[in-house]
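Given next are the chains, with one letter for each unit.
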Amino acid sequence: PAEEILLIVPPKCVITAGEEVERGDAMTCPTIRNLIREMKLKEDSFFAPYVNYLLSQNIGELPSAWSDAGQELLLSLQGSDLPPEDPVGWITNEWYPTCGEKSNKFNEFVALLAVQRGWMRG
């Protein structure tokens, strides 16, 4: 049935902002900061199995982490008619200005992991 519950994840098993936040998109700064903290804890994190999985992931899965040349190539192939509007700007246009972050490769990696695995509530 359409309304059948398939899975329930207990709230304590979800890395969140830890507070109610207004932004509902994938680049929610408090959530990403909590994820950064948990990933730095590694085995000491309550979320160690998931944290270890994330730490095993490759850097550069999203175009925002690609080289300038790679980003330029993607944008030239994409043109102006295809979505998304800004496929390479998660770090420069969201993470830095919205979250007030400075250049830090590990934090950028974690922010992009959150974008890849996050969801928007609508």
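Residues numbered from 1 in each chain as written. Predicted model: local features only at pLDDT ≥ 70, side-chain atom pairs only at ≥ 80, totals over all residues. Heavy atoms only, no water.

## Topic: the packing of aromatic side chains
Each aromatic ring pair is described using two quantities: the centre-to-centre distance and the angle formed by the ring planes.
Logical step 1: Per the counting criterion, the structure on display carries 2 aromatic pairs.
Logical step 2: Taking 5.1 Å as the distance between ring centres and 90 degrees as the angle between the ring planes, the aromatic pair formed by Phe46 and Phe47 counts as edge-to-face.
Logical step 3: When its relative accessible area of 54% is taken as the criterion, Phe46 is described as exposed.
Logical step 4: Judged by relative accessible area, Phe47 falls into the buried class, the value being 14%.
Logical step 5: Aromatic pair Tyr50 and Tyr53: ring centres 6.2 Å apart, planes at 25 degrees, arrangement stacked. Of the two residues, Tyr50 and Tyr53 both sit in helix 2 (residues 48-55), 3 residues apart, roughly one turn of that helix.
Logical step 6: In this structure Tyr53 comes out as partly exposed when scored by relative accessible area, which is 42%. (Phe/Tyr/Trp six-rings, centres within 6.5 Å; stacked < 30°, edge-to-face > 60°. Buried < 20%, exposed > 50% of the residue type's maximum accessible area, 1.4 Å probe, protein only. Helix = DSSP H or I, 4+ residues; strand = E, 2+ residues; numbered from the N terminus.)

## Notes on the layout of surface pockets
Logical step 1: By volume, the second largest pocket is sized at about 240 Å³.
Logical step 2: Considering the residues around the second largest pocket, the lining is formed by 15 residues, among which Ser64, Ala65, Ile91, Lys105 and Glu108 are closest to the centre.
Logical step 3: Secondary structure elements with two or more residues in the lining of the second largest pocket: helix 3 (68-78), helix 4 (90-99) and helix 5 (105-117).
Logical step 4: Broken down by element, the lining of the second largest pocket gets its largest block of residues, 4 residues, from helix 5.
Logical step 5: Tallied by class, residues from the lining of the second largest pocket come to 8 nonpolar, 4 polar and 3 charged. (1 Å grid on protein atoms, 1.4 Å probe; cavity = no way out; pocket = protein on both sides within 12 Å on 5 of 7 lines; lining within 4 Å. Points joined across faces, edges and corners; volume = space filled by probe spheres on them. Nonpolar A, V, L, I, M, F, W, Y, C, P; charged D, E, K, R; others polar.)

## What about helix 1 (residues 29-41)?
Logical step 1: Along its 13 residues, helix 1 runs 19 Å from first to last C-alpha, staying within 8% of the 18 Å computed at 1.5 Å per residue.
Logical step 2: Here helix 1 has its buried residues at Cys29, Ile32, Asn34, Leu35, Ile36, Glu38 and Met39.
Logical step 3: Elements that come into contact with the buried residues of helix 1 comprise helix 2, helix 4 and helix 5.
Logical step 4: Looking one or two places after helix 1, you find Lys42, whose phi comes out positive at around 50 degrees. (Expected span 1.5 Å × (residues − 1). Contact = heavy atoms within 4.5 Å.)

## Description of the pattern of salt bridges
Logical step 1: Counted under the stated rule, the structure contains 2 salt bridges.
Logical step 2: The salt bridge partner of Glu101 is Arg33, with a shortest N-O separation of 3.0 Å. With Glu101 in the loop between helix 4 and helix 5 and Arg33 in helix 1, the pair connects residues that are 68 residues apart, well separated along the chain.
Logical step 3: The closest approach of N and O atoms between Glu108 and Lys105, which form a salt bridge, is 3.5 Å. Note that Glu108 and Lys105 are positioned in helix 5 at a spacing of 3 residues, about one turn of the helix. (Salt bridge = Lys/Arg side-chain N within 4 Å of Asp/Glu carboxyl O.)

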